[in-house]
Each structure stands twice: as C-alpha cells, then as structure tokens.
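Below are the chains, spelled out letter by letter.
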Amino acid sequence: MLENLQTCSICPNNCKVNRLDGKLGRCKASSEVKVALYDLHYYEEPCISGTNGSGAVFFSHCNLHCKFCQNYKISAEGNGTLYSIQELANIFLGLQKKGAHNINLVTPTIYTYQIIEALKIAKSNGLILPIVYNSNGYEKVETLKALDGFIDVYLPDLKYADDDIAFKYSGIKSYFEYATSAIKEMYRQVGSPKLDDNGIIKKGLIVRHLVLPNYIDNSKKVLKWLKDNLSSDVYISVMAQYFPCYMAKRIPLLNRKLTKKEYKEIENFAYELDIKNGYMQDLGEHEEEYVPDFGY
C-alpha cells in the first residue's frame, strides 16, 4: 500500500511526488510518519473525550495552509518526531493501556497508508478501541475508501461553503466540493453516531465547523448544507473557539475573536434549521486553552 506514495495523490493537492524517495509535496511530509504529541486529550466533544480522555495522536504537517491555524507549530512549521510504522502501532497500544476511550488520529490524511499498516499491527496485538479520524475535510473519496473498515468514527471539518474564502485563507481550490463528497463517503462507511451506555461514541459521523469572525454567512451556508444533505441523526459540532494566531494576527478580517452578537446569530440560525443533534460550544474568554502545548 505504501507504493502509492511513489506518485502521491493521497489528497486533492495531487502533488504526484515520490515521497518514498524523499521528495516533498505541498504538505512537506516524507514517507516517514512524524508525530508532534500523543497523550490523553480532554478537549474534544464530550462523547469523544468522556471522563478518561481521548487517545489523541497529533500528526505533524498538513495538506492545508490555513492562515489562522491554531496548531501551526506542527502543521505549518512541521515540528515533531519521526516514528516507524511499528512504533506508531505501539503508540496506539500504549494509549489503550492508559485508559483512553478511543484512538484519535488528528490531521491524519497525509499518513493514511502508514496509519492503515500501523492499525493492522496494533489490532493483531490487542487494539480494540474505536478509531477516530479527525480531519480537516480536504479529502479524496478514493483515499477514504482505503480506510473503510479501519475507521469507526469520522470527525471531519466543513470549514468553508465558499471556495473563494477557502483559497484566500487556506490556499486550496474546490474545498467545498471535495469536503462535501468526502463527508458523504464517511457517512456511507460509518452512518449516524452510536453511543454506549456511558455516552461515549463507538461509531458514526460528527461534522465540525469553526465559526470565523466576519464570515457569518459562510457558517450559515455550511450549516444549511449539513441540514439538507445529512441525516438528522448525524452530530454537528459548532465551535466558537476561534482566536487570532499565526498569520491571522495580521489579517484585518481575522485579527479578533468572535463577538457575542456574531455567535448568537449562528446559534439562532442553527435553531431555525432545527438541527437536532450535536454541540454548540460556549463562547468563552480563554479559547487558547483548547490548543495543546506541543512544547515547541
């Protein structure tokens, strides 16, 4: 399966570089897996973090270049440590031993084939936890099909309904087309959320959307698409944790947090759509707390 990295087209960037030969595409990831942090994480949705925490594995590098990325230290700057596939499998097993509710693969897209091989090893050595695929949404259906049967919970973003905004702030084209096609494929694979008696998700789709300041219409379009195109049983997670960091500090339309008025407008719109399942994150004053300390 790793031979697919010889002409890498794992994501919609379609760089076609030979990552096995050390060539780097837009994401800057080689064929070796780079991980910035792995630990119990308590700041995901309640059905993912639960009481024990989610076994989060934060992968370095990213196929998007979001100017407001809260994890830019690892996504843009590429900080992290290289691990073999066997070592990645050991990380999964170690998180299970620590009591994690699940294995949470954060920004995993560019390492899909290595992750599949690591999961095979880990499962053959006793890994039984649900696997969460925590993605920015810029995915190819063909790649997701390779994950069918390995992933229990899909947790994609739907960042933009407007491709002009996607290009302006993430530098990619046709985001909405790729992300919505990907979300439909994710739903085909895992369906609506199924929770255990303790409220912990075991299988299903949760779609996230981060509300950006000054772009309330974009958020409304995202929520409208989710309402019109997915089962009402799917969880929608609307996040208010935006704060200006990385390049956004120098971008006039992005260099502030959300106002109460803006977020209230989104809350009201979600109620008008009668979105039944999911989460509305509280608008707080310390959004930075949600970002892990990567130590870089």
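Residues numbered from 1 in each chain as written. Predicted model: local features only at pLDDT ≥ 70, side-chain atom pairs only at ≥ 80, totals over all residues. Heavy atoms only, no water.

Honestly, the packing of aromatic side chains in this entry has me stumped. Any pointers?
What describes a pair of aromatic rings is the distance from one ring centre to the other and the angle between the planes of the rings. Taken as a whole and assessed by the stated rule, the structure comprises 12 aromatic pairs. Geometrically, the ring pair formed by Y138 and Y175 is stacked, given 6.2 Å between the ring centres and 20° between the ring planes. Note that Y138 is positioned in the loop between strand 5 (131–135) and helix 5 (141–147) and Y175 in helix 7 (residues 175–190), a separation of 37 residues in sequence. Residue Y138 is classed as buried on the basis of its relative accessible area of 3%. Look at Y175 and you get buried, because its relative accessible area is 0%. (Phe/Tyr/Trp six-rings, centres within 6.5 Å; stacked < 30°, edge-to-face > 60°. Helix = DSSP H or I, 4+ residues; strand = E, 2+ residues; numbered from the N terminus. Buried < 20%, exposed > 50% of the residue type's maximum accessible area, 1.4 Å probe, protein only.)

Looking at this structure, I do not really get the pattern of salt bridges. What am I missing?
Side chains that differ in charge, positive against negative, can pair when their charged atoms come close. The full count for this structure, using the stated rule, is 15 salt bridges. For the salt bridge of D39 with K98, the shortest nitrogen-to-oxygen distance reads 2.9 Å. Taken together, the positions of D39 in strand 1 (residues 33–41) and K98 in the loop between helix 3 (85–97) and strand 4 (103–106) put the pair 59 residues apart, joining distant regions of the chain. Connected through salt bridges with shared partners, the residues E44, E45 and R208 form a single ionic network. (Salt bridge = Lys/Arg side-chain N within 4 Å of Asp/Glu carboxyl O.)

Would you take a moment to explain the layout of surface pockets for this structure?
Rolled over the atoms, a probe with the dimensions of a water molecule shows which regions are left empty. The calculated volume of the largest pocket comes to roughly 950 Å³. Elements represented by at least two residues in the lining of the largest pocket include exactly strand 2 (54–59), helix 2 (72–75), strand 5, strand 8 (201–210), strand 9 (235–239) and strand 10 (278–280). Taken together, the residues of the lining of the largest pocket break down into 22 nonpolar, 13 polar and 9 charged. (1 Å grid on protein atoms, 1.4 Å probe; cavity = no way out; pocket = protein on both sides within 12 Å on 5 of 7 lines; lining within 4 Å. Points joined across faces, edges and corners; volume = space filled by probe spheres on them. Nonpolar A, V, L, I, M, F, W, Y, C, P; charged D, E, K, R; others polar.)

Is there a simple way to think about empty space enclosed by the protein in this case?
In total, this model carries 3 cavities of 30 Å³ or more according to the counting rule given. Reported here for the largest cavity is a volume of approximately 80 Å³. C8, C11, C15, R26 and C27 are, among the 13 residues lining the largest cavity, the residues nearest its centre. Here the residues of the lining of the largest cavity sort into 7 nonpolar, 4 polar and 2 charged. Here the second largest cavity defines a volume of roughly 70 Å³.

I keep staring at the side chain of S192 and nothing clicks. Help me out?
Inspection of the secondary structure puts S192 in the loop between helix 7 and strand 7 (194–195). Here Y187 takes part through its side chain, which lies 3.4 Å from a polar atom of the side chain of S192. The contacts of S192, once residues within four sequence positions are left out, are Y187, K203, G204, L205, S231, D233 and V234. (Polar contact = N/O pair within 3.5 Å; in protein donor to acceptor, adjacent residues only side chain to side chain. Contact = heavy atoms within 4.5 Å.)

I'm lost on the side chain of S54 in this one. Help?
Within the secondary structure, S54 sits in strand 2. Polar side-chain contacts of S54 include one of 3.3 Å to the side chain of N104. Each residue touching S54, except ones within four places of it in the same chain, is listed here: D39, L40, H41, E44, I48, S49, A100, N102 and N104.

Is there a simple way to explain the environment of L95 in this structure?
Tracing the chain through its elements places L95 in helix 3. When the C-alpha positions of L95 and N63 are compared, they lie 26 Å apart, and in sequence the two are 32 residues distant. Apart from residues no more than four positions distant in its own chain, L95 is found in contact with Y38, D39, L40, G55, A56, V57, A100 and I103.

Keep in mind these numbers describe shape, not what the thing actually does.
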